[in-house]
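Remarks on the overall topology
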Amino acid sequence: MNELSSSSAFSRSTLTRIMVYSIYFFYCLLLNSTHVEGFDSLLRLPHSGASRSRPRSKRVFCVNDFGAKGDGVNDDTKAFEDVWKLVCSFPSRAKVVIPAGKTYLVRPIIFEGPCRSKLTLEISGTIIAPEDPDAWAGLNPQKWLEFQRVNHLTVEGGGIIEGMGQEWWARSCKINTTNPCHHAPTALIFHRCKNLKVRNLMVLNSQQMHMAFKSCDRVAASHLRVLAPGSSPNTDGIHISASTRVQIKNSVIGTGDDCISIVGNSSGIQIRSITCGPGHGISIGSLGKRNSSVQIHDVVVDGAFLSNTENGVRIKTWQGGSGFATNIAFQNVWMENVSNPIIIDQYYCDSPVTCQNQSLAVKVEDISFVGIKGTSATEEAIKFACSETFPCERLYLEDIQLVSYSGDSTTSFCWEAQGSCSGLVYPPPCFSYNDSSYIEQKVLSSSVLWSI
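Report on the accompanying structure. (Residues numbered from 1 in each chain as written. Predicted model: local features only at pLDDT ≥ 70, side-chain atom pairs only at ≥ 80, totals over all residues. Heavy atoms only, no water.)

1. Overview of the state of the cysteines
What the rule picks out here adds up to six disulfides. Covalently, Cys88 is tied to Cys115 through a disulfide, its sulfur atoms 2.1 Å apart. Taking the torsion about the S-S bond as the criterion, the Cys88 to Cys115 disulfide, at about -100°, is left-handed. Taken together, the residues span a long stretch of sequence, with Cys88 in helix α3 (residues 77–88) and Cys115 in the loop between β5 (109–112) and β6 (119–123) at a distance of 27 residues. Across the disulfide from Cys386 sits Cys392; the S-S distance is 2.0 Å. The S-S bond linking Cys386 to Cys392 shows a torsion near -100°; that makes this disulfide left-handed. We classify Cys392 as buried; its relative accessible area is 0%. Looking at the protein chain, its bonded cysteines, counted consecutively from the start of the sequence, adopt the pairing 1-2, 3-4, 5-6, 7-8, 9-10, 11-12. (Disulfide = S-S within 2.5 Å. Helix = DSSP H or I, 4+ residues; strand = E, 2+ residues; numbered from the N terminus. Buried < 20%, exposed > 50% of the residue type's maximum accessible area, 1.4 Å probe, protein only.)

And the structure:
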């Protein structure tokens, strides 16, 4: 009887321990499982108020979750507006995703700041504009997608921005002179933005300019493809206006106008490793239009390949303007069948009527051309047409080899231009000479302006 009692007690004790261990094991299994639904409230241990954890904030937002269809037919503008309002007010870093494999039709829109935190716009799909210019009725005809007063913004993702500019081009007075001249939209505008990164995007067939940085500070743009037919009117690739500390690099641009244009009180500009063509080349200007005043300084174009463009590296100013363009360096540029490979034109006149002669001019000085080589499509490979009252001064040429694409000889043209040269320069320079020590120092100092 005692043995039986002892055995029964042992069995009950063992059974109790097994049951406890089984319950504990089942509890741990549930606690560590990431796929069990409906047990959260049962498994959550109590916490004091001081140590209670907050739910994690959602930081990635997809336009599809805000009603965007992405079929290229339905209007997705409101979805883009709604997601922007949310992320711009978000208290921490946030990302908007435009998914690959989708095409989003978006009407003219402004993404306005300032925003509370750093934002990323990841464009992996395609954004298209309305085909019909009448979609801009009652709206600003110069804008399509605009970011305004946004700081710490990154736009990237490998996607496509398609301007659908064909109907705009057909209505242009430059295509059909019987049409009235009207403004057309810029595809992608960044206005009064700071600490901006734009990279790994394709921008196609803009109605007019493809990408513009206006009154921006500290911009890094890289790995861009900006493309439109060479016959498309006024389709600048990248336009920089009244901006500081802008870097454009490792990009391919082929359009119907300037591949890159720099205007309006801009400084600290770096252009590096650019492929350009077709188009009108890389331009400083035009400057001084309508007797305006302008200041352009500290600009470096270092490393470019230009093919079949109407101009190479160019400075263009209108008569009657004022101000200056100074401390500008063009270096390490290869030309292939380029008209006007090196040109300064202070008599620029893009007008249907003849421009009046005026004595005032934007002063052009301290300009260097170093390591410019390749073939010219025209006999005049170097042209310096400067103002009689404000001559070009302290121009500098070094290691210039521009031969004819057709096998003929090439020449230089100079009017009111002063400068100096070093090493081999072909075609031979024609300007009046001055001391080169100052401009040589400028060439060295301008090669390192800032880094991002």
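2. Here we look at the sheet that holds strand β23 (residues 342–345)
Strand order in the open sheet formed by 11 strands is β5-β8-β11-β13-β15-β17-β19-β21-β23-β25-β27, with parallel pairing between adjacent strands. For this open sheet the edge positions go to β5 and β27 (411–415), each flanked by a neighbour on one side alone. Direction aside, neighbouring strands of the sheet carry axes that sit 15° apart on average. When β23 meets strand β25 (residues 380–385), the two strands line up parallel, connected through four bridges. The residue bridging Ile344 from the neighbouring strand is Phe384, located in β25. Against the sheet, α3 contacts β5 and β8 (143–148), and its axis sits at roughly 5° relative to β5. (Pairing = 2+ DSSP bridges. Axes fitted to C-alpha atoms, helices over the stretch in contact; angles between N-to-C directions. Contact = heavy atoms within 4.5 Å.)

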